[in-house]
Amino acid sequence: MKRKLIIRLITALIIWIVAITLNKYDYSLYLFIASYIIAGYDILFNAIRNLFRGKLLDEFFLMSIASIGAFFLKENIEAVAVMIFFQIGELFQEIAVERSRRAIVDTMNLKVNKCYLENGLEVDPEDVEIGNVILVKPGEMVPLDGICVSQGSVNVASLTGEALDVDLDKGDNVLSGSINTLTPLLIEVTKEYYDSTAAKILDMVENATMKKAKSEKFISKFAKVYTPIVVILALLLAFIPPLILGFNENFNDWLYRALSFLVVSCPCALVVSVPLTYFAGIGANAKNKIVVKGGSYLEDLALCNTVVLDKTGTLTKAEFKITKVIGNNEDEILKIAKGLEKNSTHPLAQVINKHVEEGYDFEIEETPGYGIIGKKDGKRYICGSAKLLAKYNINPINIDEVGSVLFIANENECIGAIILEDTIKEEAYENIRLLKFMGKRIIVLSGDIKESVEAVCKKLEINEYYYSLLPQDKVSKAEEIIKNNSGKVLFVGDGINDSPVLAIADIGVSMGQIGSDAALEASDVVILNDNLSALPKMIKIAKKTKRIVLQNIIMAIGIKALILALCALNILGMEWAIFADVGVCVLAVINAMRALRTK
């Protein structure tokens, strides 16, 4: 389509130039008409079609009326120029949109068109059912989420941007979008194609332009009001002065001014460049493995002045290790903890299950946010927080060590504790400093104990933090922060435990959970590479995008208003009107594409 338009425009330009050189001859009119039709037959068709659909004042109608009117006034050069240069502007827009879209698609190159079943049969990934076993050869992309049936290794660079090989054992989860690097890999499919990670990420990116920013909505409304007003002014300009001064001598002159007015009135520069800028901003984020779900969230990011973070898995790696076991019988404490936590998905429970071999059998009762209660031989045992012990009037033992604490208690007393320590992410130090340098207020909300949260925040030089918060406490505190904040509040969490806070924050950002449905659905922004450097990056990109949007609005309205006035006074002719339409549109598109570039 683009190639055909380029050929048409080159042909029309050549004929137009020949017609200009032969302008003194009468037959040059036929050359002008031929050039006009070659360049703009589709514009004329769209104008007529939209006229019957009730879209009277769109850009196709304005360009058609202005150019036909110029022919009526025997301004043949300008008549063809209006159509040719309008199409050149359209071509620039098409190239710019395609470039932005290609940048996103290239970055999120996760589409797989074919895959193989275990027996070697080639099938479409969309036809594979849950429970089927697929074969992924070395170098191929994993098409669907599943569980490894054989050992192997995958590279997750296409998902996270980090060229890391992950070793897989039987029973390990593997995400679609990963690249098999070692040996043929057998995977039992656990999700259908459209529910798999890669498909969901692609869907988020492709639908990002659906959620328009306030600026985009304003420009759409502005164009609907602006264009009719300018058209009415053009009609008044064409007929009122001749009525006063006399039609015989002045009508053609005023009609020419009115036609120039119509050309200038086309709102393409605004209607195209503003959405294109946000689209380019979304593309710039995608290059950095950040999925922003719409222009509205990009606009909110530019207004963000407060960053609220969860601790575990956000500021820290969520890679706990047991640093100390407190109690008269350490082996007994670990067996109780293992038995109670064996089916839990909590990060602390996973450490217990990984490092403790034996555990007792309990009848389990989980208490979200507090811990786990179980019964053995009719007796109650507890593994959890001090708050859970307090519910049963049990006093926890005194703990001086820094770290996350799991208290172990029986029916009567606290019999011990397990201290687990997490590791702060290496990039946290630099990026928290950078956010503070950018003037952001940093707050930490954590369910962990005071000593653990305090130790992490002290190292990161974060002065505002809240600890021992249950999920509902986090929501209450987040609501309080949002209510008392003048700008936009960004919350960063793991997308599972923090889903309620992600939902109420102005901008909910999930990280480190690309395989989680909750993370992808609850958040407005998804960080695919689990790296805190994405936070200052996305804010910088959002601010740059907003600056470009404002520049284009001011430039387009300013230049158009000036040339409208000068055309009305007959100081400038239709060639300047063409510049005000096409030239400004091209400049705005080129400026919009700057949002795609990232350092």
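Residues numbered from 1 in each chain as written. Predicted model: local features only at pLDDT ≥ 70, side-chain atom pairs only at ≥ 80, totals over all residues. Heavy atoms only, no water.

Caption draft 1: Main features of the overall build of the chain. The helix and strand inventory of the chain stands at 20 helices and 22 strands. Computed over C-alpha atoms, the radius of gyration of the chain comes to 32 Å, more than 25% over the 25 Å expected from 2.2 N^0.38 for 599 residues, which places it beyond the range of a compact globule. Taken along its principal axes, the extent of the C-alpha atoms in the chain is 110 × 60 × 40 Å. A burial count over the chain gives 52% of its 599 residues as buried. For the chain, the share of sequence-separated contacts (at least 6 apart) that also reach a separation of at least 24 residues comes to 65%. Put simply, the chain shows about 28300 Å² of open surface, and 55% of that area lies on carbon and sulfur atoms. (Helix = DSSP H or I, 4+ residues; strand = E, 2+ residues; numbered from the N terminus. Rg over C-alpha atoms; globule rule 2.2 N^0.38 Å. Buried < 20%, exposed > 50% of the residue type's maximum accessible area, 1.4 Å probe, protein only. Contact = heavy atoms within 4.5 Å. Areas by Shrake-Rupley, 256 points an atom, 1.4 Å probe, with all protein chains shown as cover.)

Caption draft 2: Highlighting the pairing of strand E9 (residues 185–189). Of the two faces of E9, the one lined by Leu 185, Ile 187 and Val 189 is fully buried and the one lined by Leu 186 and Glu 188 carries no buried residue. As defined by bridge partners, strand E3 (residues 133–136) adjoins E9 across 4 bridges and the pair is classed as antiparallel. In the strand pairing of E9, Val 133 is matched with Glu 188. Sheet topology note: the strand E4 (residues 146–148)/E9 ladder contains 3 bridges and is antiparallel. For Ile 147, the partnering residue across the bridge sits in E9 and is Glu 188. (Pairing = 2+ DSSP bridges.)

Caption draft 3: Molecular detail of a negative patch on the surface. Side chains of Asp 124, Glu 126, Asp 127, Glu 129, Glu 192 and Asp 195 sit close together on the surface and give a patch of like negative charge. Position of Glu 192 relative to the elements: it lies in the loop between E9 and helix H6 (197–206). (Patch = residues over 30% accessible without salt bridge, like charges linked within 9 Å, V, L, I, M, F, W, Y side chains within 5 Å. Salt bridge = Lys/Arg side-chain N within 4 Å of Asp/Glu carboxyl O. Lys, Arg positive; Asp, Glu negative; His and termini not counted. Charge placed at Lys NZ, Arg CZ, Asp CG, Glu CD.)

Caption draft 4: Examining the nonpolar core more closely. Counting residues in hydrophobic clusters, the biggest one holds 110 residues, and the most contacted among them are Leu 301, Leu 309, Leu 490, Val 509, Leu 535 and Met 538. Considering each element in turn, this core owes the most residues, 13 residues, to helix H19 (residues 534–568). Residue contacts for Leu 309: discarding those within four places in its chain leaves Thr 314, Leu 315, Ile 432, Ile 442, Ile 443, Val 444, Leu 445, Phe 491, Val 492, Leu 532 and Leu 535. Grouped together as the second largest cluster of nonpolar side chains are 19 residues, Phe 320, Val 356, Cys 383 and Ile 408 included. (Core = buried A, V, L, I, M, F, W, Y, C linked by side-chain atoms within 4.5 Å.)

Caption draft 5: Representation of the packing of aromatic side chains. Taken as a whole and assessed by the stated rule, the structure comprises 6 aromatic pairs. Plain terms: the ring middles of Trp 16 and Phe 85 are 6.0 Å apart, the flat faces sit at 80 degrees to each other, and that makes the pair edge-to-face. Of this pair, Trp 16 sits in helix H1 (residues 2–21) while Phe 85 sits in helix H4 (residues 76–107), placing them 69 residues apart in sequence. You can call Trp 16 buried: its relative accessible area is 11%. Measuring from ring centre to ring centre gives 5.5 Å for Tyr 25 and Tyr 27, while their planes differ by 5 degrees; the resulting arrangement is stacked. Note that Arg 257 overlies the ring of Trp 254, its terminal NZ or CZ placed 3.8 Å from the centroid. (Phe/Tyr/Trp six-rings, centres within 6.5 Å; stacked < 30°, edge-to-face > 60°. Lys NZ or Arg CZ within 6 Å of the ring centre and 35° of its normal.)

Caption draft 6: Broad picture of the environment of Phe 218. Structurally, Phe 218 is set in helix H7 (residues 214–245). Overall, the relative accessible area of 46% leaves Phe 218 in the partly exposed class.

Caption draft 7: Main features of the sheet that holds strand E18 (residues 441–445). Overall, mixed pairing links the 7 strands, which are arranged E10-E22-E21-E20-E11-E18-E19 in an open sheet. Both edges of this open sheet fall to strand E10 (290–292) and strand E19 (464–466), since each of them pairs with a single strand only. Taking the axes of each pair of neighbouring strands and ignoring which way they run, one obtains an average angle of 20 degrees across the sheet. Contacts from helix H16 (residues 471–483) reach strand E11 (304–310), E18, E19 and strand E20 (488–493) within the one sheet, and its direction differs from that of E18 by about 165 degrees. (Axes fitted to C-alpha atoms, helices over the stretch in contact; angles between N-to-C directions.)

Caption draft 8: Region of the structure containing the sheet that holds strand E1 (residues 115–117). In spatial order, the strands read E2-E1-E3-E9-E4-E7; together these 6 strands make up an open sheet with antiparallel pairing. The open sheet has two edge strands, strand E2 (122–123) and strand E7 (173–174), and neither has a second partner. The sheet contact formed by E1 and E2 spans 2 bridges and is antiparallel. Bridging from a neighbouring strand, Tyr 116 pairs with Glu 122 of E2.

Caption draft 9: Quick look at a nonpolar patch on the surface. On the surface, a nonpolar cluster with roughly 1100 Å² of combined accessible area is contributed by Val 225, Ile 229, Ile 232, Leu 233, Leu 235, Leu 236, Phe 239, Ile 240, Leu 243, Ile 244 and Leu 245. As for its placement among the helices and strands, Phe 239 is situated in helix H7. On the accessibility criterion, Phe 239 (38% relative accessible area) is partly exposed.

Caption draft 10: Inspection of the packing of helix H9 (residues 268–287) against H19 at higher detail. In the contact formed by H9 and H19, the axes pass within 9 Å of each other and the chain directions differ by 170 degrees. For the element pair H9 / H19, the angle class is roughly antiparallel. H9 and H19 meet at a crossing whose hand is right-handed. Contacts between H9 and H19 involve Ala 269, Leu 270, Ser 273, Val 274, Thr 277, Tyr 278, Gly 281, Ala 284 and Asn 285 on the former and, on the latter, Met 538, Ile 541, Thr 545, Ile 548, Val 549, Asn 552, Ile 553, Ala 556 and Ile 557. Among the residues forming the contact of H9 with H19, the class breakdown is 12 nonpolar, 6 polar and no charged. (Parallel < 35°, antiparallel > 145°, perpendicular 65-115°, else oblique. Left-handed = near helix turned anticlockwise from the far one by under 90°. Nonpolar A, V, L, I, M, F, W, Y, C, P; charged D, E, K, R; others polar.)

Caption draft 11: The pairing of E20, seen in detail. Among the 6 residues of E20, 5 are classified as buried, and the element is accordingly described as predominantly covered. Sheet analysis places E11 next to E20, joined by 5 bridges and oriented parallel. In the sheet register, Val 308 faces E20, and the bridge partner there is Phe 491. Pairing geometry for E20 and strand E21 (residues 507–511), over 4 bridges, is parallel. What sits directly across from Gly 493, in E21, is Ser 510.

Caption draft 12: Representation of a positive patch on the surface within the structure. A grouping of Lys 214, Lys 217, Lys 221 and Lys 224 is seen on the molecular surface, where their side chains present a positively charged patch. Mapped onto the elements, Lys 224 comes out in helix H7.

Caption draft 13: How the structure looks around the side chain of Ser 404. Here Ser 404 is to be found in strand E16 (residues 404–409). A polar contact of 2.5 Å, which involves the side chain of Ser 404, links it to the side chain of Asp 448. Setting aside anything within four residues of it in sequence, one finds Ser 404 in contact with Phe 320, Leu 348, Ile 418, Ile 419, Leu 420, Asp 448 and Ser 452. (Polar contact = N/O pair within 3.5 Å; in protein donor to acceptor, adjacent residues only side chain to side chain.)

Caption draft 14: Focus on the pattern of salt bridges. Following the criterion strictly, the structure yields 13 salt bridges and no others. Here Glu 426 ties to Lys 317 by a salt bridge, and the two come within 2.8 Å at their closest N and O atoms. Of this pair, Glu 426 sits in helix H14 (residues 426–437) while Lys 317 is found in the loop between E11 and strand E12 (321–327), placing the two residues 109 residues apart along the sequence. Ionic contacts of the salt-bridge type, sharing partners, join the residues Asp 331, Lys 335 and Glu 358 into one network.

Caption draft 15: Looking closely at H9. Its 20 residues give H9 an end-to-end C-alpha distance of 28 Å, which sits within 8% of 28 Å, the value for a rise of 1.5 Å per residue. Judged by how many residues are buried, H9 sits mostly within the fold: 17 of 20 residues are covered. After H9 finishes, the residue Lys 289 shows a positive phi value of roughly 60 degrees. (Expected span 1.5 Å × (residues − 1).)

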